[in-house]
Amino acid sequence: QVQLVESGGGLVQAGGSLRLSCAASGSGFSFDAMGWYRQAPGKQRELVAIISSDGSPKYADSVKGRFTISRDNAKNTVYLQMNSLKPEDTAVYYCNVRARWFLSQNFWGQGTQVTVSS
């Protein structure tokens, strides 16, 4: 099956930056859309950004202009560059990958904590 390895989370001050990475692997799979979700305590999981296989990105309104999603298809890796971080960005960030073998399936990373202090 597909395995996802996330990295890049941490603690930063407001206004700082972090770059999250998610590397996907899976024999026989083609990787389609890749994205990032986040979940803060007491809140529902929300979509942060998603990028198609052709590189077309979409963002949640709350992160537009601050976050940039990108992907390296040769490495099957999706990135999330987070700039101008705010305390409200604090959450566990989860990588999600749509992979296709015969039928499309969603796969989740284990999550990485992002904490932004005031």
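The present account deals with the structure reproduced in this document. As the structure is a prediction and not an experimental result, all values here were calculated from the model.

## Points about the pattern of salt bridges
Now for step 1: Tallied over the entire structure, the rule returns five salt bridges.
Now for step 2: Note that Asp-61 and Lys-64 form a salt bridge whose closest N and O atoms lie 3.0 Å from each other.
Now for step 3: Its relative accessible area of 64% is what places Asp-61 among the exposed residues.
Now for step 4: The residue Asp-89 makes a salt bridge to Arg-66 at a minimum N-O spacing of 2.7 Å. Highlighted residues: Asp-89 in the loop between strand S8 (77-82) and strand S9 (91-100) and Arg-66 in the loop between strand S6 (57-59) and strand S7 (67-72), separated in sequence by 23 residues. The burial state of Asp-89 is the same as that of Arg-66; both residues are buried.
Now for step 5: When salt bridges that share partners are traced, they join Arg-38, Glu-46, Arg-66 and Asp-89 into one network.

## Describing the state of the cysteines
Now for step 1: All chains considered together, the criterion is met by one disulfide.
Now for step 2: Two residues share a disulfide in this structure: Cys-22 and Cys-95, whose sulfurs sit 2.1 Å from each other. Judged by the sign of its S-S torsion, about -85 degrees, the cystine formed by Cys-22 and Cys-95 is left-handed. Taken together, the residues Cys-22 in strand S3 (residues 18-25) and Cys-95 in strand S9 connect sequence positions 73 residues apart. This pair shows no difference in class: Cys-22 is buried, exactly as Cys-95 is.

## Some details on the packing of aromatic side chains
Now for step 1: In the structure shown here, the tally under the stated rule is three aromatic pairs.
Now for step 2: Judged by centre distance (5.9 Å) and plane angle (85 degrees), the rings of Phe-29 and Phe-107 are edge-to-face. Remark: Phe-107 occurs in strand S10 (residues 104-108) and Phe-29 occurs in the loop between S3 and strand S4 (30-39); sequence separation between them is 78 residues.
Now for step 3: You can call Phe-29 buried: its relative accessible area is 13%.
Now for step 4: Exposure remark for Phe-107: the relative accessible area of 11% places this residue in the buried category.
Now for step 5: Taken together, the ring pairs in this structure connect Phe-29, Trp-101 and Phe-107 into an aromatic cluster.
Now for step 6: Sitting over the face of the ring of Tyr-79, Arg-19 holds its NZ or CZ atom 4.2 Å from the ring centroid.

## Digging into the nonpolar core
Now for step 1: Counting residues in each nonpolar core, the largest one holds 31 residues, and the members touching the most others are Trp-36, Leu-80, Met-82 and Tyr-93.
Now for step 2: Listed by contribution, the elements that provide at least two residues to this core are S3, S4, strand S5 (46-51), S7, S8, S9 and strand S11 (112-117).
Now for step 3: Here the element with the most residues in this core is S9; it accounts for five residues.

Cut-offs and rules
- Residues numbered from 1 in each chain as written.
- Predicted model: local features only at pLDDT ≥ 70, side-chain atom pairs only at ≥ 80, totals over all residues.
- Heavy atoms only, no water.
- Salt bridge = Lys/Arg side-chain N within 4 Å of Asp/Glu carboxyl O.
- Buried < 20%, exposed > 50% of the residue type's maximum accessible area, 1.4 Å probe, protein only.
- Helix = DSSP H or I, 4+ residues; strand = E, 2+ residues; numbered from the N terminus.
- Disulfide = S-S within 2.5 Å.
- Phe/Tyr/Trp six-rings, centres within 6.5 Å; stacked < 30°, edge-to-face > 60°.
- Lys NZ or Arg CZ within 6 Å of the ring centre and 35° of its normal.
- Core = buried A, V, L, I, M, F, W, Y, C linked by side-chain atoms within 4.5 Å.

Don't take any of this as a statement about function, it's just geometry.
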